[in-house]
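# Coordinate inspection notes
Listed here are the chains, written in short residue letters.
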Amino acid sequence: MSLYSAKVMDHFRNPRNVGVIEDPDGVGEVGNAKCGDIMKMYIKVENGILVDVKFETFGCGSAIASSSMATEMIKGKTLQEALLLTNQAVAEALDGLPAYKMHCSVLAEEAVQAAIRNYYETHGIPYDEKDFPALNHGHGEEDGDGE
Ligand code: FES
């Protein structure tokens, strides 16, 4: 019996939206310090809609499948809708991930939020840090010394 669902294997073998957007409106790069995997997300925005999304993931199969699924889930959506994408929703859309692989789906949530925040920053659009919960989490973990 496979640890991974058919959907995970499909998105790992045939990832959607792989690559680079030349001249993107926003780019987000995130990584997991423990496993060393890195995910980069490129977005193209028109009238508040994500008209194109691409990614490059240097990481495990679950990270590749998660980023592929995340791009499919946010493409064509508004920025506000995309910011509501959670790693749980990505994992559910993949018919689940093993518990010890859930952190791979977290990278996808973080990468989407990082790309959108970069879009706001580079276009001088004011934003609220509260709209980027995944990124604020990440900082907390990095700063924490586990006392
Ligand atoms: Fe680190 Fe999957 S093992 S992202």
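What you see is a predicted model; the values in this text were computed from it and never measured.

### Comments concerning the nonpolar core
Met 39, Met 41, Ile 43, Leu 50, Val 112 and Ile 116 are the most contacted members of the largest nonpolar core, which totals 35 residues. At the level of elements, strand S2 (38–46), strand S3 (49–58), helix H2 (61–74), helix H3 (79–83), helix H4 (87–93) and helix H5 (102–122) are the ones that each hand at least two residues to this core.

### Quick notes on the packing of aromatic side chains
Enumeration over the complete set of coordinates arrives at four aromatic pairs. Taking 5.8 Å as the distance between ring centres and 45 degrees as the angle between the ring planes, the aromatic pair formed by Tyr 119 and Tyr 120 counts as tilted. There is no split in this pair, since Tyr 119 and Tyr 120 are both buried. Ring plane angle 20 degrees and centroid distance 6.0 Å describe the contact between Tyr 120 and Tyr 127, whose orientation is recorded as stacked.

### Here we look at the confidence of the model for the chain
Detailed reading of the predicted model is not advised wherever pLDDT is low. In this model, the chain carries an average pLDDT of 93, and 92% of its residues clear a pLDDT of 70 or more. A low-confidence stretch, residues 138–147 stays under pLDDT 50, and its non-local contacts, those more than four residues away or across chains, total one contact.

### Focus on the pairing of S3
Pairing of S2 with S3 involves nine bridges; the strand directions are antiparallel. Each residue of the ladder has a partner; that of Met 39, found in S3, is Thr 57. The antiparallel hairpin formed by S2 and S3 contains two residues in its connecting segment, where Asn 47 sits at a positive phi of about 50 degrees.

### Observations regarding the environment of Leu 107
Along the chain, Leu 107 turns up in helix H5. Judged by relative accessible area, Leu 107 falls into the buried class, the value being 3%. As a C-alpha pair, Leu 107 and Ile 64 span 43 residues in sequence and 9.9 Å in three-dimensional space. Leaving out residues up to four positions away in the same chain, Leu 107 has contacts with Val 30, Gly 31, Asn 32, Asp 37 and Met 39.

### Let's talk about the packing of H2 against H5
Running from N to C, H2 and H5 cross one another at 40 degrees; their axes reach a closest spacing of 8 Å. As judged from the angle between their axes, H2 and H5 are oblique. Crossing of H2 over H5 shows right-handed handedness. Where H2 approaches H5, its residues Ser 62, Ala 63, Ser 66, Ser 67, Ala 70 and Ile 74 are matched on the opposing element by Cys 104, Ser 105, Ala 108 and Val 112. Taken together, the residues that form the contact of H2 with H5 break down as six nonpolar, four polar and no charged.

### What to know about the side chain of Asp 37
Here Asp 37 shows up in the loop between strand S1 (26–31) and S2. In this structure the side chain of Asp 37 is engaged in a polar contact, spanning 3.2 Å, whose partner is the backbone nitrogen of Cys 60. In this view, Asp 37 contacts Val 30, Gly 31, Asn 32, Phe 58, Gly 59, Cys 60 and Leu 107; residues no more than four positions away in its chain are not counted.

### Some details on the sheet that holds S3
The strand order across the open sheet built from three strands is S1-S2-S3, with neighbouring strands paired in antiparallel fashion. Of all the strands in the sheet, the pair left with one neighbour each is S1 and S3. Strand-to-strand twist of the sheet, defined as the mean angle between neighbouring strand axes without regard to direction, takes the value 15 degrees. Bridge count between S1 and S2: six bridges; the pairing is antiparallel. Across the sheet, Val 27 pairs through a bridge with Tyr 42, a residue of S2. Sheet strands touched by H5: S1 and S2. Its angle to S1, the strand with the most contacts, is close to 145 degrees.

Conventions adopted
Residues numbered from 1 in each chain as written. Predicted model: local features only at pLDDT ≥ 70, side-chain atom pairs only at ≥ 80, totals over all residues. Heavy atoms only, no water. Core = buried A, V, L, I, M, F, W, Y, C linked by side-chain atoms within 4.5 Å. Buried < 20%, exposed > 50% of the residue type's maximum accessible area, 1.4 Å probe, protein only. Helix = DSSP H or I, 4+ residues; strand = E, 2+ residues; numbered from the N terminus. Phe/Tyr/Trp six-rings, centres within 6.5 Å; stacked < 30°, edge-to-face > 60°. pLDDT = per-residue confidence, 0-100. Contact = heavy atoms within 4.5 Å. Pairing = 2+ DSSP bridges. Axes fitted to C-alpha atoms, helices over the stretch in contact; angles between N-to-C directions. Parallel < 35°, antiparallel > 145°, perpendicular 65-115°, else oblique. Left-handed = near helix turned anticlockwise from the far one by under 90°. Nonpolar A, V, L, I, M, F, W, Y, C, P; charged D, E, K, R; others polar. Polar contact = N/O pair within 3.5 Å; in protein donor to acceptor, adjacent residues only side chain to side chain.

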